[in-house]
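Here is how the chains run, residue by residue.
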Amino acid sequence: MALDVARARAETPGCANVIHLNNAGAGLMPSPVLNALTGHLELEANIGGYEAAAHAADALEHTYDAIARLISCHRDEVAVIENATRAWDMAFYSIPFRPGDRILTAVSEYGSNYMAFLQVAKRTGAQVEVVPNDEYGQLSVEALRGMIDERVKLIAVTHVPTNGGLVNPAAAIGQVAREHGVTYLLDACQSVGQMPIDVNAIGCDILAATGRKYLRGPRATGFLYVRRALLDQLEPPFVDVHAARWTAKDEYVLRPDARRFENWETYMAGKIGLGVAVEYAMAWGLDAIHARVNALADHLRAAIPTLPGGKVRDLGAERCGIVSFTVDGLDPERIKHELAPHKINVTVSSRGSTRIDMEQRGLTDMVRASVHYFNTEDEIERMIGAVRRMV
Ligand SMILES: Cc1ncc(COP(=O)(O)O)c(C=O)c1O
């Protein structure tokens, strides 16, 4: 069934103000999320922060159930963490690497993840290796298979890169990881909320995501999934009185569930808002969202080559709602800044976020326009029209 775009827009206050094509930066919050957030902040101001948390205990707990249903896991396998980077870090830095261990990653890996690989490699003597792309520009599953040996400790891949519409073949990668018993960490920061995600179908052991992007949740929210079978083997890089119990002077016991990766003080309003955002996305239906987002992105990709010198830069056999492009003779930053007075939001992806990919393609910057289901074809045409007037 087609998604009711008019209702989606009516429930999104920002639609009245901006043409928001920066949903991969931060999606516009829908009213139910905004209301949950402000409602809890008001409660905190009125009755006290700890008291408000006690009052909202059910809503806070519900966030775990909502996330578990979203990605098809158990609530005990979910940690709510302040962003995707820290969620990813908490799992990654828990893995005990030894000299000679190999970490296999993708060409389009996110900068923060890649720098963490470099840091761990420096500390432990592990090696980072980049799996080449196939002819579509996505991670080559055949190349990955050929690189596996007994020293491969981790496959860590970004599902949808920060700088474009590519969707890496996450489930085929999971198949290889399972065949060889290798731990598989998926950065799903840019995919969660715009397409159905099932950790069992994908076969990942660890998944990190953020709340503010395609889930349309509050900023400074995110979550981590860690498969039950792996939980006991991972000692978090930091512990506190929430992650563990201090049981004797020289002893502590970690929580048995994924909350061992959380910390005590947290953004309660955001955590509630994240749960509401997840429920809100599921109420629309991830299949319906996926179909609408892809249709809008295809519309945009078809329009870009009509601009003189316009080039779509997205790679991959499968693409999503993120559209990267350049226009000959126009600096991407200029495009972004000249769209802003028209209340059109896009952003610029620069080399440092996905250095390996950008260097391979000889690119320094690209415009990134990321659509969501509440956007319209008319908004896309207005953006294209505004760029056309700059050429
Ligand atoms: C692929 C990818 N991973 C991780 C992140 C970091 O997410 P967060 O800002 O929530 O830490 C981003 C943010 O743009 C991203 O694009």
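These notes cover the structure that comes with them. Note that the coordinates shown come from a computational prediction; the quantities given were computed from them, not determined experimentally.

Calculation rules
Residues numbered from 1 in each chain as written. Predicted model: local features only at pLDDT ≥ 70, side-chain atom pairs only at ≥ 80, totals over all residues. Heavy atoms only, no water. Helix = DSSP H or I, 4+ residues; strand = E, 2+ residues; numbered from the N terminus. Rg over C-alpha atoms; globule rule 2.2 N^0.38 Å. Buried < 20%, exposed > 50% of the residue type's maximum accessible area, 1.4 Å probe, protein only. Near = heavy atom within 4 Å. Polar contact = N/O pair within 3.5 Å; in protein donor to acceptor, adjacent residues only side chain to side chain. Nonpolar A, V, L, I, M, F, W, Y, C, P; charged D, E, K, R; others polar. Phe/Tyr/Trp six-rings, centres within 6.5 Å; stacked < 30°, edge-to-face > 60°. Axes fitted to C-alpha atoms, helices over the stretch in contact; angles between N-to-C directions. Parallel < 35°, antiparallel > 145°, perpendicular 65-115°, else oblique. Left-handed = near helix turned anticlockwise from the far one by under 90°. Contact = heavy atoms within 4.5 Å. Salt bridge = Lys/Arg side-chain N within 4 Å of Asp/Glu carboxyl O.

### A short note on the overall build of the chain
Regarding its fold elements, the chain presents 15 helices and 15 strands. Relative to its length of 391 residues, the chain is compact, with a C-alpha radius of gyration of 21 Å against a globular reference of 21 Å. Principal-axis analysis of the C-alpha atoms places the extent of the chain at approximately 70 × 55 × 35 Å. Looking at the chain as a whole, 57% of its 391 residues qualify as buried.

### Brief notes about the site of the ligand
Around the ligand, the surrounding shell holds 13 residues, and the nearest of these are Thr85, Thr162, Asp187, Thr210 and Lys213. With respect to the ligand, the side chain of Asn83 contributes an N or O atom lying 3.4 Å from an oxygen atom. Within the backbone of Ala84, a nitrogen or oxygen atom sits 3.0 Å from an oxygen atom of the ligand. In terms of residue class, the shell around the ligand is built from four nonpolar, six polar and three charged.

### Quick word on the packing of aromatic side chains
Tallying each qualifying case throughout the model produces 10 aromatic pairs. Arranged with centres 5.8 Å apart and planes meeting at 75°, the rings of Tyr114 and Phe117 form a pair that is edge-to-face. Of this pair, Tyr114 and Phe117 both sit in helix H6 (residues 111-124), three residues apart, which is roughly one turn of that helix. Comparing Tyr114 with Phe117 shows no difference in burial state: the two are buried. Their ring planes at 80° and their centres at 6.0 Å tell us that Tyr280 and Trp284 sit as a pair that is edge-to-face. Here Trp284 and Tyr280 lie together in helix H11 (residues 268-284), a separation of four residues that amounts to about one turn.

### Quick look at the packing of helix H12 (residues 286-303) against helix H15 (residues 377-388)
Contact pair H12 / H15: the axes reach a minimum separation of 10 Å and the direction vectors enclose 25°. Here H15 runs roughly parallel to H12, going by the angle between their axes. Our pair here, H12 against H15, has a crossing hand that is right-handed. Contacts between H12 and H15 pair Arg292, Leu296, His299, Leu300 and Ala303 from the former with Glu377, Ile380, Glu381, Met383 and Ile384 from the latter. Here the contact of H12 with H15 is built from residues that sort into six nonpolar, one polar and three charged.

### Quick word on the pattern of salt bridges
Once their charged atoms are close, side chains differing in charge can pair, the charge on each being opposite to the other. Taken as a whole, this structure holds 25 salt bridges when the rule is applied. With a closest N to O distance of 2.9 Å, Glu61 and Arg75 form a salt bridge. With Glu61 in helix H4 (residues 57-71) and Arg75 in the loop between H4 and strand S2 (78-81), this pair connects stretches of sequence that are 14 residues apart. Residue Arg75 is classed as partly exposed on the basis of its relative accessible area of 23%. Residue Arg227 pairs with Asp205 through a salt bridge whose shortest N-O separation is 3.4 Å. With Arg227 in the loop between strand S8 (222-226) and helix H10 (228-231) and Asp205 in the loop between helix H9 (199-202) and strand S7 (206-210), this pair connects stretches of sequence that are 22 residues apart. Given a relative accessible area of 18%, Arg227 falls into the buried group. Through salt bridges that share partners, Glu61, Asp65, Arg75 and Arg259 make up one connected network.

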